[in-house]
Amino acid sequence: MAKVKVTPTGREAPFREGELIVSKTDLKGRITYCNDVFVRVAGFQERELIGAPHSIIRHPDMPRSVFKLLWDTIGSGNEIFAYVINMASNGDHYWVFAHVTPSFDASGKIVSYHSNRRKPRADAVAAASGLYKQLKAIEDSPTNRKDGMQAAYDELLSILAKKEVGYDQFVLSL
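This write-up is about the structure you can find in this document. The structure displayed is predicted, hence computed values, not measured ones.

### Observations concerning the packing of helix α3 (residues 64–75) against helix α4 (residues 122–140)
For the pair α3 and α4, the least separation of the axes is 8 Å and the interaxial angle reads 100 degrees. The angle between α3 and α4 places the two elements in the roughly perpendicular class. Residues Arg64, Ser65 and Val66 of α3 pack against Tyr132, Leu135 and Glu139 of α4. Of the residues contributing to the contact of α3 with α4, the split by class is three nonpolar, one polar and two charged.

### Concerning the side chain of His59
Among the secondary structure elements, His59 is positioned in the loop between α2 (46–49) and α3. Since its relative accessible area comes to 4%, His59 is described here as buried. With residues up to four places along the chain from it excluded, the contact list for His59 reads Pro8, Ile85, Asn86, Met87 and His93.

### Digging into unusual backbone geometry
Phi is positive for Glu164, which is not a glycine, with a value near 55 degrees. In this fold, Glu164 is placed in the loop between α5 (145–163) and α6 (167–173). Glu164 gets classed as exposed once you look at its relative accessible area, which sits at 72%.

### As for the sheet that holds strand β2 (residues 31–34)
Within a sheet, neighbouring strands are paired by backbone hydrogen bonds and run either parallel or antiparallel to one another. Ordered in space as β2-β1-β5-β4-β3, the five strands form an open sheet in which the pairing is antiparallel. In this open sheet, the two strands that pair with only one neighbour each are β2 and β3 (80–87). Taken pair by pair, the neighbouring strands of this sheet meet at an average axis angle of 30 degrees, ignoring direction. Along the sheet face, α3 touches β1 (21–25), β3, β4 (93–104) and β5 (110–118) and points at about 135 degrees away from the line of β3. Lying on the sheet, α4 is in contact with β3 and β4; it crosses β4 at an angle near 85 degrees.

### Observations concerning the packing of aromatic side chains
A complete count under the given rule lists five aromatic pairs for this structure. Ring geometry for Phe81 versus Phe97: centroids 5.8 Å apart, planes at 20 degrees, classification stacked. Of this pair, Phe81 sits in strand β3 while Phe97 sits in strand β4; the two residues are 16 residues apart in sequence, bridging distant segments of the chain. Ring-pair connections join several aromatic residues into one group, and the members of that group are Phe81, Tyr83 and Phe97.

### Quick notes on the pattern of salt bridges
Overall, the coordinates contain nine salt bridges when judged by the stated rule. We note a salt bridge from Glu19 to Arg40, for which the minimum N-O separation is 2.2 Å. One end of the pair, Glu19, is in the segment before β1; the other, Arg40, is in helix α1 (residues 36–42), and 21 residues separate them in sequence. Relative accessible area serves as the criterion here: at 36%, Arg40 is assigned to the partly exposed category. For Lys136, the salt bridge is made with Asp140, and the minimal N-O distance between the two is 3.1 Å. Highlighted residues: Lys136 and Asp140, both in helix α4, separated by four residues, approximately one helical turn. Residues joined in a network through salt bridges with shared partners are Arg16, Glu19 and Arg40.

Calculation rules
Residues numbered from 1 in each chain as written. Predicted model: local features only at pLDDT ≥ 70, side-chain atom pairs only at ≥ 80, totals over all residues. Heavy atoms only, no water. Axes fitted to C-alpha atoms, helices over the stretch in contact; angles between N-to-C directions. Helix = DSSP H or I, 4+ residues; strand = E, 2+ residues; numbered from the N terminus. Parallel < 35°, antiparallel > 145°, perpendicular 65-115°, else oblique. Contact = heavy atoms within 4.5 Å. Nonpolar A, V, L, I, M, F, W, Y, C, P; charged D, E, K, R; others polar. Buried < 20%, exposed > 50% of the residue type's maximum accessible area, 1.4 Å probe, protein only. Pairing = 2+ DSSP bridges. Phe/Tyr/Trp six-rings, centres within 6.5 Å; stacked < 30°, edge-to-face > 60°. Salt bridge = Lys/Arg side-chain N within 4 Å of Asp/Glu carboxyl O.

Here it is, written out as structure tokens:
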């Protein structure tokens, strides 16, 4: 499937309180399962999502440094909670409070990842949005994307260190 450039609309996609978005991916982040809520909110057909990279719903305002922290965490066998802004196929956005976990086989080897997402509280979105704008500005300042992402990642870790909390504790405090 060819990647189509979608422009954010600034409109919020319909995602109701009490709904749960569920997806599973392989180790490379390709979608292997998505529930009906995911399909509806993201605005894709299930056949377009299965096998696609989970980044198919990545919003351009979402800092890559937060995804680095997420992937590093689940890749090391730990779960993570995170606020994420996603983008539907038509450019509408939707914020989620995500709980992402690795799945293990009988020998303890990570074989896939599982994510449950709920509609977050508005005050938590406002707090996360402010931090994410700060991180995104850092990411976008150097000419080298890799350097920008690393600088934003370092800033995120510095913020957490100053607060003397881990990312999960920080997110759960919002």
